[in-house]
Every structure is written in C-alpha cells, then in structure tokens.
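This is what each chain is made of:
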Amino acid sequence: MAGASEYGTKQFIGATATKYLARYGESAALLEDPSWTKDESKADKVASAILDWGMASGATNFSHVFQPLGTVGVRHGLTGQLHNQLFTFGPDGQPEYKFKSGELLRGETDGSSYPNGGLRITHTAGAYTLLDPTSPIWMRDDTIFAPCVFLGYGGHALDYKLPLLRSDEAMSRECTRLLGLMNYKVKGVQSNIGLEQEFFLVPRDAYARRPDLQQCGRTLLGKFPGRGQEMCDHYMAPLNPNALNCLREIQHECFKMGIPLKTRHREVAPNQYEMAPYFGHVTSQIDQNLMVMQLCEEVASKYNLVCLNHEKPFAGINGSGKHNNWSLGTKDGVNLLNAAQITKKSGNSEIFPVIMAAIIAAIDNHGDLLRASIACPGNDFRLGAMEAPPAIISTYLGDSCTAFLDDFRNGKIAEYKPVATSVDTGCKLFGAFELPSEDRNRTSPFPFGGHRFEFRAVGSSQNV
C-alpha cells in the first residue's frame, strides 16, 4: 500500500503542482480559480508545468478523458480517451517534447461515432472536448489524463458531465440567492457526494465458461447453487486472500492518483465486495469513481479474477448498487444539511428546515426524473429484490426530523437538535453507549441519514 508520502503524487494539485508551477512563478493556488483557463499566459504556464511533471515521471502521453453517453455496462470502462504523444519535431528533424495550452484546454473528435440521438451524423460530425478545471488532472503509468466535457458543433452535450456541470451551476445560483434572502451571504454552493461502489469478483476460468455472463453481464440459465446467501454469513467476513491482494493493489493505485479509497469489505452475496472513498466535490468524485471501476476490471485480471459491475449478475442473491451519499455545501465548507453547523455559521435556525423542505418538495414533484436517472436493464433487475430498495421513489426522514419539520410548517420555529438515545450493553466493561436519534433505514431509495441523503437506488454500473 502506498504510504502517506506517496498519496496524490500522481495528481496535479497541492504540493505536487506547486513544485512544478514554481518554475514559472506560480503555485497550486492558481488552479483553485478556474479563470486560469481563460488567460493564455497562465494556461501556457500550467501546460509547461504539467509537461515537466510528466517527463519527471516517465509520462509522455496526454489524453482528454470524457464521459460519452450510452457506455454504461456495454464495454470496458465508461470513459472516452485519445492518447497523444507529447512530442513534436524540431528544425533538425529530431523529436522534442512540447505541450501548449491549446492542447491542454481543447480537443476534437468525431461525434457521429458515439451515441448522440441523431445530433451528430457522418457529414456533420464535429465534436469537441473542453478541459474541466473543477476536477484535478492525474497521471497513470505513461499517460497524463485531463477530465473534460464533450459537446457537439452546435453546443449540444454529448456526455454525462456537461449536464452535471450545468445543473450544479444552476443549483449554486439559486441556492446562493435563497441563502442571501435569508441574510446568509455565500460565494456559491456545490454538491458533495460519496459513492459506495459494489461489485463481484469471480474466478476467470469460471467466467470463461459462461457466455451469458460474458455477453449480457448476467446469468440467463442454469440451476441455483447448493448454497447462496441463506446463512447471512458473507457480510464483512474475512476477505478471500486472493481478492484481498486484488483490492490492495486497487487501493495502492488509487492512493497515488489522489483517490481517497478508504473502505474495503465483503458484501452480503458470495464473492461480492465494496470499496468506498471519503466524500468530495461531485465532479472530481465521479471522475475518480469511473477510474476506480476501470481499475477494478483491469487489476482483477492480474489475479485470475473478473470484476462484474453489473447490478444483478446472479439470480437469487443480492445485486450491486452504488449508494450515492449526497449533500449540499458552501464553497467554504459549510454543510447545509448539518443543522447545527449551518445554524452556527449563519445565525439563522430557519435555513436548515427551508433547505430540507425544498429537497423534499423536489423529490415529491420530480420523483419520475429520479427514477429515470437510475433506470437501466441491470438495475431494473436489482430494484425491489433481496436487500435492494424498491423501484418506487420516496424518502424517509426519521421521526425526529419529520416532527421538527411538521412543527416548523405549523409556525413553531426552533433549532433542530435531534436527541440521541442510549442503550445498555448489559456489560459493565462498556456500560451504556450513545446512539443516533434515528435507526438506519435501508429500505427507502432516498433516506435522510443525518447531514446527507443516501440515494440507495443507484446501480453499480452507472455513471452518477
């Protein structure tokens, strides 16, 4: 496992970025303001620093990374990539390495070759990649990867990321306006998420004997095994040694790229596992999750395993989800779903219930959009079966939060302070210990978990 000194060395932010930007009179602080992409002089400095960083680590290729539509569950990886060597030719005909801002900030490809709903056809095929400065650039092996958006000649989004950034901007604008009307001035609001990635690791030789699993991602025929998960004895059991070595290598590679993959454990079904990071900004978290999914597939093959990201590869046992722990936070780190934190920071106890009311109203009014967003063949096999949440969208707030919001609706204004409960262990060594005010709800597709909502209905193969 990579040590703390190696964490993030393959990600162009913080001390790593400062080390190379300092050669051009800049620091990593330059990257914190996305406006550097609009200044050619600053962008050239960033490009030069990235080239120096790559050359120092043996990375001589560069690729924009985008998220084309229609890739979920049908091929290896969910991204689009075009790798280019960073050399050109000097006057003497010898190769020399150069990298300019134009190459960093923009790329071009054929949009007609991707799913596009008829927006791009072969005689009007232009499509373009534009660097996303809100998500860090990273390096893997000999290639530098730059997250970007993907759009057509007419400005239509041909990817999953551009609509996300558009919606996040709209949310930030309206949320900032709402908070301003409540006398709390902020510079902006962003979505923060933490994604719990579930998957199966199965022996490669067994996988090779199942054409249905290879072609469809799930088994279509055959008999049930003599034993599945009836004994409920797989969840968080000691990890299979071969699978553990696989997960260690995945974590090691992620650690170097600045992906804070914290948790690894066995899941409920046989040969099912989960890995999860610390939460972060929605754009970088999604880029990192797609990298994790790709790594899982690639590293598994080194251990004679196959990683199955399909939501329901096997009948009769649990399927795999990607629980999306979602919250809203100000640009300076205040969680709008943390009642105590937002009340202390703003001095206004009404902000939390108003934000909560807005979210609940959105779930009520736009449940169809939430349902459509998680609809795919694999996930529709999973939802409503075994431990998966039902396919009907609803939320659960818990008794204390529900009572608080009901009182607020009826004019009783007070600060939300959920009362913790305690339980006696019956053992003097431990005595009584404190519990959250609410029990854990694993049935609702969109429960409030204290400081965040957990969108449990998302499928494991999906780009959120």
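Overview of the structure. Everything numeric here is computed off the predicted structure, so don't read it as measured data.

If a probe the size of a water molecule is rolled over the atoms, the empty space left behind becomes visible. In this model, the largest pocket occupies a volume close to 1,500 Å³. Lining the largest pocket are 39 residues, and of these L164, S167, W326, L370 and S373 sit closest to its centre. Counting residues per element, the lining of the largest pocket draws most heavily on helix α4 (residues 161-181), which supplies eight residues. For the lining of the largest pocket, the per-class residue count stands at 28 nonpolar, eight polar and three charged. Of the pockets and cavities examined, the second largest pocket occupies roughly 1,200 Å³. Taken together, 37 residues form the lining of the second largest pocket, with P34, D132, P133, T134 and S135 sitting closest to its centre. Secondary-structure elements contributing two or more residues to the lining of the second largest pocket are β6 (126-131), β8 (143-152), α4 and α8 (282-302). It is α4 that provides the largest number of residues to the lining of the second largest pocket, a total of seven residues. A per-class count over the lining of the second largest pocket returns 18 nonpolar, eleven polar and eight charged.

A word on the packing of aromatic side chains. In total, this model carries 17 aromatic pairs according to the counting rule given. Considering the side-chain rings of F62 and F99, the 4.7 Å spacing of their centres and the 50° angle between planes classify their relative orientation as tilted. Within this pair, whereas F62 is found in strand β1 (residues 61-66), its partner F99 is found in the loop between β4 (95-97) and α3 (101-105), the two being separated by 37 residues in sequence. Accessibility assignment for this pair places F62 and F99 in one class, buried. With centroids separated by 5.5 Å and ring planes inclined at 75°, the aromatic side chains of F200 and F314 adopt a geometry described as edge-to-face. Highlighted residues: F200 in strand β9 (residues 189-203) and F314 in the loop between β13 (305-308) and β14 (322-330), separated in sequence by 114 residues.

This paragraph deals with the nonpolar core. L336, F352, M356, F448, F453 and F455 are the most contacted members of the largest nonpolar core, which has 42 residues in total. Of all the elements in the fold, those that place two or more residues in this core are α4, β9, α8, β14, α9 (339-346), α10 (351-365), α13 (399-409) and β19 (453-455). For this core, the leading source of residues is α10, giving six residues. M356 has contacts with L337, L397, C401, L405, F448 and F453, leaving out every residue within four places of it along the chain. Membership of the second largest hydrophobic core comes to 26 residues, among which are A17, Y20, A28 and V46.

Before going further, it helps to examine empty space enclosed by the protein. For the structure on display, the rule yields four cavities of 30 Å³ or more. Considering only enclosed or pocket space, the largest cavity measures out at about 120 Å³ in volume. Around the largest cavity sit 15 residues that line it, and E198, N318, G319, E387 and A388 are the ones nearest its centre. Grouping the amino acids of the lining of the largest cavity by side-chain chemistry returns five nonpolar, four polar and six charged.

Take α4 next. Taking 1.5 Å per residue as the helical rise, α4 with its 21 residues ought to reach 30 Å, and the 30 Å between its terminal C-alpha atoms agrees with that figure. Buried residues in α4 make contact with β8, β9, β12 (280-281), α8 and α10. Phi turns positive one or two residues past the end of α4, at N183, with a value near 65°.

Analysis parameters
- Residues numbered from 1 in each chain as written.
- Predicted model: local features only at pLDDT ≥ 70, side-chain atom pairs only at ≥ 80, totals over all residues.
- Heavy atoms only, no water.
- 1 Å grid on protein atoms, 1.4 Å probe; cavity = no way out; pocket = protein on both sides within 12 Å on 5 of 7 lines; lining within 4 Å.
- Points joined across faces, edges and corners; volume = space filled by probe spheres on them.
- Helix = DSSP H or I, 4+ residues; strand = E, 2+ residues; numbered from the N terminus.
- Nonpolar A, V, L, I, M, F, W, Y, C, P; charged D, E, K, R; others polar.
- Phe/Tyr/Trp six-rings, centres within 6.5 Å; stacked < 30°, edge-to-face > 60°.
- Buried < 20%, exposed > 50% of the residue type's maximum accessible area, 1.4 Å probe, protein only.
- Core = buried A, V, L, I, M, F, W, Y, C linked by side-chain atoms within 4.5 Å.
- Contact = heavy atoms within 4.5 Å.
- Expected span 1.5 Å × (residues − 1).

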